[in-house]
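# Chain and residue survey
Given next are the chains, with one letter for each unit.
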Amino acid sequence: MLKAFKKYIPHLIMCFVLLFVEAFADLAMPEYMADLLERVVLGAGTREILKVGGIMLGYAAVVTAASVAVGYLASVVGSGTSKQIRQMLFDKISDFSAADFDKFQVSSLITRSTNDVTQVQLFTIIFIRIVMYAPILAIGGIIKAIANSTGISAAVWVIVVAVAVIICSLVALLLIVQPKFSRLQKIIDRLNLVARESLTGMMVVRAFGTQSYEEERFDKVNAELKNNQLFTGRVMGLFSPIVMFTMNGVSIAVIWIAAYMANDIGTVTSMMAFIQYAVQIIMAFMMVTMVFVLMPRAVTSVKRIREVLKAPVSVTDRENAVKAEELRGEIVFDNVSFRYGDSEDEVLKDISFKALPGETTAIIGATGSGKSTLIKLIPRLYDVSKGRIMLDGRDIRDYTLESLRDNVSFVPQKNVLLRGTVESNIKYADENGSDADMKLAAETAQAADFVSARENGYKSEIAQGGGNVSGGQKQRLAIARALYKKAPVYVFDDSFSALDFKTDAALRSALKEKLADRNIIIVAQRVGSIMNADQIIVLDDGKIAGKGTHADLMKTCAVYAEIAHSQLSKEELENA
């Protein structure tokens, strides 16, 4: 994370210089104040009093200018570094594989990229403004206080005791609230999770009439956050009265000591200067300790950010990875097995088959048989645990991730549309592509008719997540987006489930015509949709139960025959 601060080293140096100037001006003020009081007491002329007052105004102007400049530079450093940290987080998260996302909840990643970075930004600004300034003020104040302690040297110990009281009070308070600060960000994670689930799943919530249940869920975590913040706020609120009591106590103690030792004191003005320096010293320590009040939460945020930045990415380029270029699109699964994370159970076991360009390979099986997991291995959303997947005779892990995914057009099971227009969604792979290619992709995906019927056609707005289009329309736009991306391999993960039989048939016919030379791999639930596939792979409990054409499988694969008979009548199967 220090990389984010390298760019702002000149700003930090300038801040240090300005803070030194500000502290020097601040430390000069008590002596001039004492001098001014002494001149007034002794009946000095107006000219002399105005001269000293003018000098004090000059120092005040220096303090103000330096303070404003430091505040500006601190804001530049804080906002600039937080911007870079957010960018670093986003870049790292963008490299995550599906397995890496399984380790972090999306709501937690959002909190880390926003709230946690904000905590770091706030702490950075306060650190520059206070922690760099307070030691200068404290050291200078101690030197000045000792110089002005003639006759009341015992009062120096008052400052020592006061500082000790403040530090001990802060340590005690932090020991009480530290566990709460550590827990605070996790509660915010859960709050975001509950809010995100409730809002994105609002249709489900309303359909099942569980609004009150969701409100209770949110209220529970919201109340927990409130109680946590109230506890830390109340405990840390005790610190301010302690500091004020200590500061006032120092003033009283110094005056009492001065009165007790009146015969040994030089002047009353020296005593007044000493009191002001004592207050400055205590204020300096108070400012530092106030930083420590914010530090526990900032440290927690830094740790959470670091967890993401240091998290190993499970799917990366090999050292000598090559760029995938001019591929035909032949896919070969060679004894592929896969398990999630550290699980001992294999989801896929010894999968071997070949999918050729110019052919359609369909994958079917019961729910949970591993169909979606299987095809997610092709663009390396996950990496195989055993075996290998070959693309044009070469292990896909030998290709760079970017070039591999450029050659695989993938339609996931969950269709996601982005906020924008129909055009921006279809042209997502290449926003500078031609309108002719966009319209051809929409026609092939059977989306052209309903897009043209919309008021603004391809310029019509798409809400976040595709909330203003139906499930079938969303699915067809997702397919059009994949078709717009010209690739040798097209993978459809149960991407026709929301289509009626007529649209399904028209779409498959168009795919066969437009993508005649491409390798098409389809995951499907309906036997009627894949009977004409060149090859059908039947999965059962993560293993291949059958492989061949529809006619072959009806004779040789009991699992496939059972699925077919459960979905189609005897007449439909005979006509097929």
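In what follows, the structure referred to is the one given above.
These lines cover the structure that appears in this document, whether it is placed above or below. Source: prediction; values computed, not measured. (Residues numbered from 1 in each chain as written. Predicted model: local features only at pLDDT ≥ 70, side-chain atom pairs only at ≥ 80, totals over all residues. Heavy atoms only, no water.)

### Concerning the packing of helix α3 (residues 46-94) against helix α5 (residues 106-131)
Put simply, the rule is: Only C-alpha atoms enter the line fits that serve as axes; for helices the fit covers just the stretch in contact. Angles between N-to-C directions range over 0 to 180 degrees. Numbered from the N terminus, helices here are DSSP runs of H or I no shorter than four residues, and strands are runs of E no shorter than two. Here the angle decides the label: under 35 degrees means roughly parallel, over 145 means roughly antiparallel, 65 to 115 means roughly perpendicular, and every other value means oblique. The handedness criterion is simple: a crossing whose near helix is rotated anticlockwise from the far helix by less than a right angle is left-handed, and one whose near helix is rotated clockwise is right-handed. Each residue receives one of three labels: charged for Asp, Glu, Lys and Arg, nonpolar for Ala, Val, Leu, Ile, Met, Phe, Trp, Tyr, Cys and Pro, and polar for the others, Gly being one of them.
For the pair α3 and α5, interaxial distance at closest approach is 8 Å and the crossing angle is 155 degrees. Of the possible angle classes, the one that applies to α3 and α5 is roughly antiparallel. Here the hand of the crossing between α3 and α5 comes out right-handed. A per-class count over the contact of α3 with α5 returns 11 nonpolar, 9 polar and 3 charged.

### A word on the sheet that holds strand β11 (residues 535-540)
Sheets are built from strands that pair by backbone hydrogen bonding, the pairs being arranged parallel or antiparallel. In plain terms, the rule: A pair of strands counts as paired when DSSP detects no fewer than two bridges linking them.
Read from one edge of the open sheet, 6 strands run β6-β9-β10-β3-β11-β12, paired in mixed fashion. A strand with exactly one partner marks an edge of an open sheet, and here the two such strands are β6 (408-411) and β12 (543-548). With strand direction ignored, the average angle separating the axes of adjacent strands in the sheet is 15 degrees. Strand direction decides the pairing type here: β11 and β12, joined by 5 bridges, are antiparallel.

### Details of the pairing of strand β4 (residues 386-391)
The sheet contact formed by strand β1 (residues 331-338) and β4 spans 5 bridges and is antiparallel. Paired with Asp 334 across the strands is Arg 388, a residue of β4. Where β4 lies against strand β5 (residues 394-395), 2 bridges are found, and the strand directions are antiparallel. Residue pairing in the sheet places Met 390 in a bridge with Asp 395 of β5. What sits between the antiparallel neighbours β4 and β5 is a turn of 2 residues, in which Asp 392 has the positive phi angle 55 degrees.

### Examining helix α9 (residues 211-237)
To keep it simple, the criterion reads: Take the residue count of a helix, subtract one, and multiply by 1.5 Å to get its expected span. Each residue gets one of three labels from its accessible area relative to the maximum for its type: buried under 20%, exposed over 50%, partly exposed in between, using a 1.4 Å probe on protein chains only.
Taking 1.5 Å of rise per residue, 27 residues should cover 39 Å, and α9 covers 37 Å from first to last C-alpha, within 8% of that figure. Burial in α9 covers these residues: Glu 214, Val 221, Leu 225, Asn 228, Thr 232, Val 235 and Met 236.

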